[in-house]
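Secondary and tertiary structure notes
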Amino acid sequence: MHLMEKAEGENQTSIREFILLGFGNLPGLQILFFLLFLGIYIITMAANMLIVTLVVADQHLHTPMYFFLGNLSCLEICYTSTILPRMLATFLTGDRTISVMGCMVQFYWFGFLATAECYMLAVMSYDRYLAICKPLRYATLMNIRFCMQLAAGSWLSSLIVLSILISFMSQLAFCGPNEIDHFFCDLTPVTNLSCSDTCLVTLATLIFSSINIVLPFLLTLASYVYIISTILRIPSTTGKQKAFSTCSSHLIVVTVFYGTLITVYRLPNTGALRAPNKVFSFFYTVLTPLINPLIYSLRNKEVKEALRRALKKFQFPLKSRERFPLTFQGSASGYSSCVHHNLSHNKTNELKNYQLA
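This part is about the side chain of Asp186. Within the fold, Asp186 resides in the loop between β3 (179-180) and α8 (187-192). Looking at Asp186, the relative accessible area reads 4%, which means it is buried. Ignoring sequence-local partners within four residues, the contact set of Asp186 consists of Phe107, Phe110, Tyr265 and Tyr284.

Structure (structure tokens):
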């Protein structure tokens with residue numbers, strides 16, 4: 001029986017491309033979707049690039065908290081660019097096909113960046129834990145070397161894990177239906193189309209998701225349990241508000257990211273739940289990179305002050321040009337009158353000096 005099934009699988013034709021159905025069931029709204037997603041992409045890229053620029057250029061933001069925030073914004077820039085450009089091309093051209101190799105590449109980068117974000121959010125929560133719960137030892141513990149190790153560990157561990165997982169996925173055979181009812185190549189919709197044994201991929205996914213998603217989530221949760229308990233023990237109301245303001249932005253980002261992520265992977269991707277699944281996927285893949293820099297910039301005084309300083313530096317050269325115009329660039333008569341005024345002024349000074357002598 002097993003040999004017969006294997007022979008049937010070998011006789012089936014291997015497919016070379018998938019069709020991402022995405023939002024193709026709404027043909028009359030494709031142009032509207034294109035304009036909407038284009039606006040989201042432009043704002044997301046501009047806002048995250050602004051955060052990275054401020055963190056690099058402003059010396060007041062050269063602290064561990066903003067170093068990790070800059071890393072998070074870099075992640076968001078790459079994260080958004082793995083999905084939205086492909087969606088924009090689909091809305092504009094109507095071509096919803098993607099090669100099997102292209103699908104694997106998209107999932108690799110998406111999975112790598114999503115995993116790195118889980119680690120980075122855990123690192124940022126640990127940074128806030130040390131700042132609030134261990135303030136006297138914070139500068140010693142969170143030194144430059146340790147910050148670099150945490151950031152590099154988040155990037156490299158995610159890269160290694162996704163490389164292993166994608167090597168297992170590349171061994172899958174696809175010979176049946178080729179329609180993916182999603183707007184990007186996610187793990188579950190792709191493996192569901194495979195006509196070969198997916199047990200190894202499923203097992204690897206279970207192990208890696210436990211290590212790379214559940215563990216960072218538990219570390220983040222534990223950090224905030226300690227942070228909130230420490231804040232509640234502060235006697236003064238002003239002290240509580242000041243301590244909570246340092247971590248409120250990060251807490252909102254963590255809640256939005258993990259809330260939508262857990263909802264997506266807990267909902268069955270079948271039947272009537274496919275539409276809600278797409279909506280929640282849209283939240284953590286598209287909207288989260290958009291709202292993260294907005295939350296940090298609107299709720300963070302130091303980022304807003306850094307932005308004001310940058311705008312003042314940009315405006316100062318413009319004002320100085322208006323205040324001190326270059327007269328020699330004007331007409332010849334203006335230049336000659338200026339010279340004549342200077343000569344007459346020099347002669348007056350010479351006459352006064354002669355009379356005093």
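From this point, the discussion proceeds with the structure in view.
Moving on to the packing of aromatic side chains. Across all of its chains, the model carries 21 aromatic pairs by this definition. Taken together, the aromatic side chains of Phe23, Phe33, Phe37, Tyr79, Phe91, Phe110, Phe183, Phe184, Phe282, Phe283 and Tyr284 make up a single cluster linked through ring pairs.

Here the focus is the environment of Glu179. Assignment of secondary structure puts Glu179 in strand β3. A relative accessible area of 48% means that Glu179 is categorised as partly exposed. Look past the residues within four positions of Glu179 in its chain and what remains in contact with it is Ile19, Leu21 and Leu193.

Once that is clear, we can look at the pattern of salt bridges. The full count for this structure, using the stated rule, is 2 salt bridges. Where Arg309 meets Asp58, a salt bridge forms, and the shortest distance between an N and an O atom there is 3.1 Å. With Arg309 in helix α13 (residues 301-323) and Asp58 in the loop between α2 (30-57) and α3 (64-81), this pair connects stretches of sequence that are 251 residues apart. By relative accessible area, Arg309 is classed as partly exposed at 27%. Measuring nitrogen to oxygen at the nearest pair gives 2.9 Å for the salt bridge that ties Arg128 to Asp127. The buried category is assigned to Asp127, whose relative accessible area is 1%.

Counting all residues, the mean pLDDT for the protein is 80, and 82% of those residues have values of 70 or more. Confidence over residues 1-11 falls short of pLDDT 50; this stretch has 0 contacts with residues more than four positions distant or in other chains. Within the model, the stretch residues 324-357 combines pLDDT values under 50 with 1 contact to residues more than four positions away or in other chains.

Our focus in this paragraph is the packing of α2 against helix α4 (residues 84-93). Remark: α2 packs on α4, axes separated minimally by 9 Å, with the N-to-C direction vectors making an angle of 155 degrees. Put simply, α2 runs roughly antiparallel to α4. Here the hand of the crossing between α2 and α4 comes out left-handed. Contact residues: α2 offers Gln30, Phe33, Phe34, Phe37, Leu38, Ile40 and Tyr41, while α4 offers Leu84, Pro85, Met87, Leu88, Phe91 and Leu92. Tallied by class, the residues present in the contact of α2 with α4 amount to 12 nonpolar, 1 polar and no charged.

Rules behind the numbers
The residue numbering used here restarts from 1 in each chain and proceeds along that chain's sequence as written. Local features in this predicted model are restricted to residues of pLDDT 70 or higher, and side-chain atom pairs are both shown and tallied only at a pLDDT of 80 or more, whereas totals for entire chains, interfaces and linings draw on every residue. Side-chain calculation: all heavy atoms of the structure are included, whereas hydrogens and water are not. Secondary structure counts use DSSP, requiring at least four H or I residues in a row for a helix and at least two E residues in a row for a strand, with both numbered from the N terminus. In this scheme, a residue with accessible area under 20% of its type's maximum is buried, one over 50% is exposed, and one in between is partly exposed, where area comes from a 1.4 Å probe on protein chains only. Any two residues whose heavy atoms approach within 4.5 Å are treated as being in contact. Any two of the Phe, Tyr and Trp rings considered here, Trp counted by its six-membered ring, make a pair once their centres fall within 6.5 Å; the pair's planes then place it as stacked at under 30 degrees, edge-to-face at over 60, or tilted in between. The term salt bridge refers to a side-chain nitrogen of Lys or Arg lying within 4 Å of a carboxyl oxygen of Asp or Glu. pLDDT measures how confident the predictor is about each residue, on a scale from 0 to 100. Only C-alpha atoms enter the line fits that serve as axes; for helices the fit covers just the stretch in contact. Angles between N-to-C directions range over 0 to 180 degrees. Here the word oblique covers every angle except those under 35 degrees (roughly parallel), over 145 (roughly antiparallel) and from 65 to 115 (roughly perpendicular). By definition, turning the near helix anticlockwise from the far helix through less than a right angle yields a left-handed crossing, and turning it clockwise yields a right-handed one. When residues are sorted by character, Ala, Val, Leu, Ile, Met, Phe, Trp, Tyr, Cys and Pro go into the nonpolar class, Asp, Glu, Lys and Arg into the charged class, and all the rest, Gly among them, into the polar class.

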